[in-house]
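Each chain is listed here by its residues.
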Amino acid sequence: MPEIKNYTVNFGPQHPAAHGVLRLVLEMDGEVVQRADPHIGLLHRATEKLAEARTYIQSLPYMDRLDYISMMCSEHAFCLSMEKLLGVEVPIRAQYIRVMFDEITRILNHLFGVATLGLDLGAMTVFLYGFREREDLLDCYEAVSGARMHAAYYRPGGVYRDLPESMPKYEAQHTRSARALAEMNANRQGSLLDFIEDFTRRFPKCVDDYETLLTDNRIWKQRTVGIGVVSPEQALARGFTGPMLRGSGVEWDLRKKQPYEVYDRVDFDIAVGRNGDTYDRYLVRIEEMRQSNRIIKQCVDWLRENPGPVITSNHKVAPPSRAEMKESMEELIHHFKLFTEGMHVPEGEAYAGVEGPKGEFGVYFISDGANKPYRMKLRSPAFTHLSAMDEMARGHMLADAVAIISTLDIVFGEIDR
């Protein structure tokens, strides 16, 4: 009889289900995975090294380009770490705006995660539904920062500017009737807060639609239940955070356990799974979208009632307003020094972690008192999760390896950082 040998296949880096530049070397026995060896480092970002040659504020936009699905959460960790070193107080209104946009970002990320998990497993409709809602939220990004993705909206000491009083509107085109245009712009007549409030009213019904398509779907359950099971002990030993840890039944969320900004003032629940499989992680992400919607609603209500400054008045850290700069020599000097030389951060070291959509994203600075960081180290949740790929995929079919990569919710900008 001929001897049956294991064979090795390359999964990626150009495979659409590899979610970026992942080269996964799979040792296969027939269609069963015996070993999975992830090869990373194909994106060549070098963000940590680049930061050593740039002023602190010049490094901020790099944060958007790390996890390019949840941009503002990465900026948030960067700003929190800097604020620890600088000892700067952030105005309360800016804290609420940050929390609101963190949760908008969480919904953006989970919509993408659930939609692409569906697409990888053959459920096309949920992908189209998820991206429909993402468009509205990306419009919120664009309204505050001018960019749909790489916002650079958070700043050390607050946020770049206050929330706008009007929303961009769709313009007339030869393909749109006047009636269709009026319908498209119906919820864009007021301010950004009005638009977000309208979204929070509509969104729970949208999540119900995703659940109708997937949660009790027989094929969906066959593809996700019992796939990529991680026990609570394994999850903790591997350093899992976020939905990967909570899906295994460990109730750990930095927003509750180590609250930052105003998370101790808003009401929400932690979504926790039971079985630690792909299905439970999907359910955790679905529930997190509902909880994020609750938090956004509370932030909108507070922001309506409480106007105020959105960035620190310390002009060694944040620039003065344009009007002040044009009237006062002192302010002009502050502005000039801030944008040419940058701020000098006191000597020391600081770490700040935020509960990002994928898990704990952290930024660790070592400062030698100069205007550039001596060292910046990033804590990427996806890097930790990908390290468990071999353990999770062993004994599963090749088609299940796709589901496991997708449930890890990996993005290579932050893995290769």
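Further up the page is the structure itself.
Residues numbered from 1 in each chain as written. Predicted model: local features only at pLDDT ≥ 70, side-chain atom pairs only at ≥ 80, totals over all residues. Heavy atoms only, no water.

A.B. asks: I'd like to hear about the side chain of Ser380, residue by residue, with values.
C.D. replies: Summarising the element assignment, Ser380 is placed in the loop between strand E8 (375–379) and helix H15 (381–386). According to the relative accessible area criterion, Ser380 is buried, its value standing at 3%. (Helix = DSSP H or I, 4+ residues; strand = E, 2+ residues; numbered from the N terminus. Buried < 20%, exposed > 50% of the residue type's maximum accessible area, 1.4 Å probe, protein only.)

A.B. asks: Please provide a residue-by-residue account of unusual backbone geometry, values included.
C.D. replies: Its identity as a non-glycine residue notwithstanding, His19 has a phi of 55°, on the positive side. Looking at the element boundaries, His19 is found in the loop between strand E1 (7–11) and strand E2 (23–29). Residue His19 is classed as buried on the basis of its relative accessible area of 17%. In this model, Glu261 sits at a positive phi of 50°, which is unusual for a non-glycine residue. Mapping Glu261 onto the fold places it in the loop between helix H11 (254–257) and helix H12 (278–305). The class for Glu261 is buried, based on a relative accessible area of 16%.

A.B. asks: Just give me the short version of the side chain of His334, but keep the residues and values in it.
C.D. replies: Here His334 is to be found in helix H14 (residues 329–340). For His334, a relative accessible area of 17% corresponds to the buried category. Those residues in contact with His334 that sit more than four places away from it in its chain are His315, Lys316 and Pro320. (Contact = heavy atoms within 4.5 Å.)

A.B. asks: So what's going on with the nonpolar core? Which residues, and what values?
C.D. replies: Of all hydrophobic cores here, the largest spans 111 residues; its most connected members are Met100, Phe101, Tyr153, Leu163 and Met389. Of the residues forming this core, the biggest block, eleven residues, is contributed by helix H4 (residues 92–120). Leave out the neighbours within four places in its chain, and Met389 touches Leu24, Ala36, Pro38, Ala401, Ile404, Ile405 and Leu408. (Core = buried A, V, L, I, M, F, W, Y, C linked by side-chain atoms within 4.5 Å.)

A.B. asks: Hey, could you go over the sheet that holds strand E7 (residues 360–367) for me, with residue numbers and the actual values?
C.D. replies: Strand order in this open sheet of three strands is E6-E7-E8, and the pairing throughout is antiparallel. Both outer strands of the open sheet, strand E6 (348–355) and E8, are each paired with one neighbouring strand and no more. Pairwise comparison of adjacent strand axes, ignoring direction, gives a mean angle of 10° for this sheet. (Pairing = 2+ DSSP bridges. Axes fitted to C-alpha atoms, helices over the stretch in contact; angles between N-to-C directions.)

A.B. asks: Break down the packing of H12 against helix H17 (residues 398–408) for me, citing the residues and quoting the values.
C.D. replies: Where H12 meets H17, the closest approach of the two axes is 10 Å, and the angle between their N-to-C directions is 30°. Relative to H17, the element H12 is oriented roughly parallel. As H12 packs across H17, the resulting crossing turns out to be left-handed. Across the interface between the two elements, Thr278, Arg281 and Arg285 from H12 touch Ala403, Thr407 and Leu408 from H17. (Parallel < 35°, antiparallel > 145°, perpendicular 65-115°, else oblique. Left-handed = near helix turned anticlockwise from the far one by under 90°.)

A.B. asks: Go over the environment of Arg106, please, and point to the residues and values.
C.D. replies: Tracing the sequence through the fold places Arg106 in helix H4. Sequence separation between Arg106 and Leu398 is 292 residues, and the spatial gap between their C-alpha atoms is 30 Å. Here Arg106 is in contact with Arg255, Tyr263, Glu288, Ser292, Glu355, Gly356 and Pro357, once residues within four sequence places are set aside. A distance of 3.0 Å separates the side chain of Arg106 from the side chain of Glu103, its partner in a polar contact. (Polar contact = N/O pair within 3.5 Å; in protein donor to acceptor, adjacent residues only side chain to side chain.)

A.B. asks: For the pattern of salt bridges, give the residues involved together with the corresponding values.
C.D. replies: Tallied over the full model, the rule gives 37 salt bridges. The salt bridge partner of Glu48 is Arg375, with a shortest N-O separation of 3.9 Å. Of this pair, Glu48 sits in helix H1 (residues 47–51) while Arg375 sits in strand E8; the two residues are 327 residues apart in sequence, bridging distant segments of the chain. In this structure, Asp162 engages Arg93 in a salt bridge whose closest nitrogen and oxygen atoms are separated by 3.2 Å. (Salt bridge = Lys/Arg side-chain N within 4 Å of Asp/Glu carboxyl O.)

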